[in-house]
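One letter stands for each residue in the lines below.
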Amino acid sequence: MKTLEPKQTATNPDRLQKPSPRIWKIRGEIPQSVYSSMVVTSILLPLAAWFALSYSGLVDPLFIPKPDAVAMAAVRMFQSGDLPKDAWASLSRVGIGFCLSALIGVPLGLLIGTFKVVEGLFEPILGLFRYMPAAAFIPLIILWIGLDEPAKIAIIFLGSFFYNTLMVSDAVKFVSADLIKVGYTLGASRRDIFFKVLFPATLPNIIDTLRVNIAGAWNFVVVAELVAASSGLGYRILTAQRFLRTDEIFVGILVIGIIGLAIDFGFKLLFRLVVPWAVDK
Amino acid sequence: MEPRPALEVNQLSKTFATKNGPLLVLDAIDMHVNENEFVCIVGSSGCGKSTLLNIVAGLDTASQGEVLLRGRKIQGPGADRGMVFQNYTLYPWLSVAGNVEFGLKVSKVPKAERQERVQHYLDIVGLTRFANVFPKQLSGGMKQRAAIARAMANEPEILLLDEPFGALDCQTKEVLQEFLLDVAQKTHKTFLMITHDVEEAIFLSERIYVFSARPGRICREIPIPLGSNRDRTSRRTSRFLELRQDLTDLMHGEALLTQEAL
Ligand SMILES: Nc1ncnc2c1ncn2[C@@H]1O[C@H](COP(=O)(O)OP(=O)(O)OP(=O)(O)O)[C@@H](O)[C@H]1O
Ligand SMILES: [Mg+2]
């Protein structure tokens, strides 16, 4: 063909051949070593800043305690048994509150996504409640339920229930209609479609929803304990503040973060074990 | 006497309610598929082919008219009509064998027979080696073969195929057409397939219904007298090329007509 214009052949190859930097390829894979060094940097950099600020004496230890003081506080709190006890108290609150919320929210979400009748009945009202911050309900809950364990569990329940339900129902609605249709043509009953098509199709999303929302619940337990408690990591932080023990506040916050990370990891592991077919790659 | 058709569609019409008022998509469709026959429906995009197949499958209802399967009126979806869709619809959480087994499980076929049938149909579609892998590890062509095995494992009275090879590249498509021809010849089942690929229709079917668009009507019924001993070389016979030319011209004319109507 002679239709190619010489001008085009002169400019286009230039543009095409310009190599793009390999690690900045959009959504591209990078060598494992590059990735690892990024991770290490992201941890070391803040640590280095902390060391520099505290050991240089630029900042009062009251505001930023020295790393060794924090480490020692951690050892002390661990040995006295306070830290394990507090962590356990917080964990069990989240465990109970969040389990309740998932136990009711997941089936309800599945029903909302499956049946328009249930959707009409629940979705608007849950959608409204979702935008009412659970923290704002704390005074009411204290008034109604008191200051004891049930109140804290109720706060965690309220803080995660609406999200669990609505996110699961959305996931059901995203299941391709073809998967349902093909089920019917294979002889499935409505019951089969619900349990053998919709449920397994949504399961990866359910696990992911729980993983995302338990992070919220884990934050909430601290809020609940800041209000009224005699145990728990939130309570520990509040007490430390009263005695100006910044190092103990640091320990409390770090432990909360580490436990949160562990929970997240646990859910990711669960995902790989339960729905390996949905794992990318 | 003519044998009773496996599938009869009598005076079937379908109207959709849309924002701009009722939309007549299928207008008084009369057609049938005989036992062990392979019939194709061809027609341009949007002429209501999928709508018709969905009604036959029982996934949608007719506005008027009826569909009879071996003389029984169709009321809803059922395992007596298997369906293969254009989109990949294997269940991603089940292995290939699990997918093929799905219909047998929901119909409570005993385990021993289930396994036997799964093996048999995986063998027919040549996927025995892939029985235990997840669908995401299959190529597009293999996915459709598995979907065909899944539909056939139920041993339905008719197989409905809605452009099953529409998403595949040319080479894979040809191979799968030959595969389907082979399956049809081996299993003596009844097939109703939708396609807009003229060559595919001629290669596979014994009879073709040509649809015209807006509203969908049957504008021609064409027998394909290529006999039952076809293979890939049949595509190059002069008879085949002639039929292809005629059908292409016919569909081109139809397309022009609908363009004008727009
Ligand atoms: N649920 C619906 N509501 C309203 N209109 C619809 C609905 N389903 C299909 N249609 C319309 O009916 C017509 C026929 O659709 P259909 O999917 O049956 O066409 P088709 O022949 O299968 O086309 P294609 O070859 O593109 O698959 C289209 O114009 C479409 O817009
Ligand atoms: Mg279609």
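Note that this is a predicted model, so its numbers are computed, not measured.

Draft legend 1. Spatial organisation of the sheet that holds strand 5 (residues 72-73) of chain B. Residues and elements named next belong to chain B. The 4 strands lie next to each other as 2-1-4-5, forming an open sheet whose pairing is antiparallel. Pairing within the sheet leaves two strands with one partner each, and these edge strands are strand 2 (21-33) and strand 5. With respect to the sheet, helix 1 (residues 49-57) is in contact with strand 1 (7-18), strand 2 and strand 4 (64-69), its orientation differing from that of strand 1 by roughly 115 degrees.

Draft legend 2. Structural view of the sheet that holds strand 6 (residues 81-84) of chain B. Residue and element names in this part refer to chain B. What the 6 strands build is an open sheet, ordered 6-7-8-3-9-10; its pairing is mixed. Lying at the two open borders of the sheet, with one neighbouring strand each, are strand 6 and strand 10 (217-223). In this sheet, adjacent strand axes meet at a mean angle of 20 degrees when their direction is disregarded. Helix-sheet contacts for helix 1 involve strand 3 (38-42), strand 6, strand 7 (158-162), strand 8 (191-195) and strand 9 (207-212), and the interaxial angle to strand 7 is about 150 degrees. Helix 4 (residues 140-153) rests against strand 6 and strand 7 of the sheet, and its axis sits at about 170 degrees to strand 6.

Draft legend 3. Structural context of the packing of aromatic side chains. All names here are of chain A. Applying the stated criterion to the full structure yields 11 aromatic pairs over all chains. Here Phe194 and Phe195 contribute two aromatic rings whose centre-to-centre distance is 5.0 Å and whose plane-to-plane angle is 85 degrees, an arrangement assigned as edge-to-face. The class for Phe195 is partly exposed, based on a relative accessible area of 47%. Among the aromatic residues, ring-to-ring pairing joins Trp50, Phe51, Tyr55 and Phe250 into one connected group.

Draft legend 4. Just the interface of chain B and chain A, in detail. The interface is formed by 25 residues belonging to chain B together with 19 residues belonging to chain A. Summing both partners gives a buried area of about 1900 Å² for chain B against chain A, and 69% of it is carried by carbon and sulfur. Inspection of the chain B/chain A interface yields 6 residue pairs in polar contact (both at pLDDT 80 or more). Among the elements of the structure, helix 1, strand 6, helix 2 (96-106) and helix 4 of chain B are those that each provide at least two residues to the side of chain B that touches chain A. Of the residues that constitute the side of chain B that touches chain A, the class distribution is 14 nonpolar, 8 polar and 3 charged.

Draft legend 5. Fine view of the environment of B:Ile41. Residue and element names in this part refer to chain B. Topologically, Ile41 is positioned in strand 3. Through-space distance from the C-alpha of Ile41 to that of Glu221 is 9.4 Å; in sequence the pair is 180 residues apart. Discounting residues that sit within four places of it in the chain, Ile41 has contacts with Met31, Lys49, Leu52, Leu192, Met193, Ile194, Thr195, Tyr209 and Phe211.

Draft legend 6. Structural context of the site of ligand 1. Residues and elements named next belong to chain B. Every residue near ligand 1 is listed here: Phe16, Thr18, Val25, Ser45, Gly46, Cys47, Gly48, Lys49, Ser50, Thr51 and Glu163. Within the side chain of Ser45, a nitrogen or oxygen atom sits 2.5 Å from an oxygen atom of ligand 1. The backbone of Gly46 places a nitrogen or oxygen atom 2.8 Å from an oxygen atom of ligand 1. The fraction of the free accessible surface of ligand 1 (630 Å²) that becomes covered by protein chains is 61%. Counting residues per element, the shell around ligand 1 draws most heavily on helix 1, at 3 residues. Looking at the shell around ligand 1 residue by residue, the class counts come to 3 nonpolar, 6 polar and 2 charged.

Draft legend 7. Region of interest: the nonpolar core. Counting residues in hydrophobic clusters, the biggest one holds 79 residues, and the most contacted among them are B:Leu7, B:Val9, B:Met31, B:Leu52 and B:Leu192. Among the elements that take part in this core, helix 9 (residues 190-227) of chain A stands out by supplying 14 residues, more than any other. Of the residues that make up this core, three or more belong to each of domain 1 (1-76 + 161-262) and domain 2 (81-155) of chain B. With near-sequence residues (within four places) excluded, B:Met31 lies in contact with B:Leu7, B:Glu8, B:Val9, B:Ile41, B:Leu52, B:Leu192, B:Tyr209 and B:Ile218. Judged by nonpolar contacts, the second largest core, of 53 residues, contains B:Leu104, B:Val109, B:Val118 and B:Leu127.

Draft legend 8. Spatial organisation of the packing of helix 3 (residues 67-79) of chain A against helix 4 (residues 82-114) of chain A. All names here are of chain A. Between helix 3 and helix 4, the shortest axis-to-axis distance is 4 Å and the interhelical angle comes to 75 degrees. As the angle between them shows, helix 3 and helix 4 are arranged roughly perpendicular. Across the interface between the two elements, Ala74, Met77 and Phe78 from helix 3 touch Asp82, Leu83 and Pro84 from helix 4. Tallied by class, residues from the contact of helix 3 with helix 4 come to 5 nonpolar, no polar and 1 charged.

Draft legend 9. Fine view of the pairing of strand 6 of chain B. Residue and element names in this part refer to chain B. Side chains Arg81 and Met83 of strand 6 all project onto a buried face; the interleaved residues Gly82 and Val84 project onto the opposite face, where all are buried too. Sheet analysis places strand 6 next to strand 7, joined by 4 bridges and oriented parallel. Paired with Arg81 across the two strands is Ile158, which belongs to strand 7.

Draft legend 10. How the structure looks around the pairing of strand 4 of chain B. Residue and element names in this part refer to chain B. In the sheet, strand 1 pairs with strand 4 via 5 bridges, with the strands oriented antiparallel. By the bridge assignment, Leu7 is partnered in strand 4 with Leu69. If you look at the hairpin formed by strand 4 and strand 5, you'll find 2 residues sitting between the two strands, and Arg70 has a positive phi there, around 45 degrees.

Draft legend 11. Representation of helix 1 of chain B in the model. All names here are of chain B. Most of helix 1 sits inside the fold, with 8 of its 9 residues counted as buried. Buried within helix 1 we find Lys49, Thr51, Leu52, Leu53, Asn54, Ile55, Val56 and Ala57. Looking one or two residues past helix 1, Gly58 carries a phi angle of roughly 85 degrees, positive in sign.

Draft legend 12. The arrangement of the side chain of A:Asp247 in detail. Residues and elements named next belong to chain A. Along the polypeptide, Asp247 turns up in helix 11 (residues 246-274). What makes Asp247 buried here is its relative accessible area of 10%. In contact with Asp247, other than residues within four places in its own chain, are Pro65, Ala69, Val70, Ala73 and Arg76.

Draft legend 13. Geometry of the pattern of salt bridges. All names here are of chain B. Per the counting criterion, the structure on display carries 30 salt bridges over all chains. In this structure, Glu35 and Arg70 form a salt bridge, with 2.8 Å as the shortest nitrogen-oxygen distance. Of this pair, Glu35 sits in the loop between strand 2 and strand 3 while Arg70 sits in the loop between strand 4 and strand 5, and the two are 35 residues apart along the sequence. For Glu35, a relative accessible area of 33% gives the class partly exposed. Looking at Arg70, the relative accessible area reads 40%, which means it is partly exposed. Connected through shared salt-bridge partners, Glu35, Arg70, Arg72, Asp80, Arg81 and Glu157 make up one network.

Draft legend 14. Seen up close, the domain arrangement of chain B. Residue and element names in this part refer to chain B. Segmenting chain B into domains produces domain 1 (1-76 + 161-262) and domain 2 (81-155). Just the C-alpha atoms count here: the centres of domain 1 and domain 2 sit 24 Å apart. In this assembly, domain 1 packs against domain 2 so that about 1600 Å² is buried in total across both faces, 70% of it on carbon and sulfur atoms. At the junction of domain 1 and domain 2, the tally comes to 0 salt bridges. On the surface where domain 1 and domain 2 come into contact, there are 6 residue pairs in polar contact (both at pLDDT 80 or more). Listing elements by their share of the side of domain 1 that touches domain 2, those giving two or more residues are helix 1, strand 7 and helix 5 (170-187). Taken together, the residues that form the side of domain 1 that touches domain 2 break down as 15 nonpolar, 6 polar and 3 charged.

Conventions we followed
Residues numbered from 1 in each chain as written. Chains lettered and ligands numbered in written order. Predicted model: local features only at pLDDT ≥ 70, side-chain atom pairs only at ≥ 80, totals over all residues. Heavy atoms only, no water. Pairing = 2+ DSSP bridges. Helix = DSSP H or I, 4+ residues; strand = E, 2+ residues; numbered from the N terminus. Contact = heavy atoms within 4.5 Å. Axes fitted to C-alpha atoms, helices over the stretch in contact; angles between N-to-C directions. Phe/Tyr/Trp six-rings, centres within 6.5 Å; stacked < 30°, edge-to-face > 60°. Buried < 20%, exposed > 50% of the residue type's maximum accessible area, 1.4 Å probe, protein only. Buried area = accessible area lost by both parts, 1.4 Å probe. Polar contact = N/O pair within 3.5 Å; in protein donor to acceptor, adjacent residues only side chain to side chain. Nonpolar A, V, L, I, M, F, W, Y, C, P; charged D, E, K, R; others polar. Near = heavy atom within 4 Å. Areas by Shrake-Rupley, 256 points an atom, 1.4 Å probe, with all protein chains shown as cover. Core = buried A, V, L, I, M, F, W, Y, C linked by side-chain atoms within 4.5 Å. Domains from an automatic or database assignment. Parallel < 35°, antiparallel > 145°, perpendicular 65-115°, else oblique. Salt bridge = Lys/Arg side-chain N within 4 Å of Asp/Glu carboxyl O.

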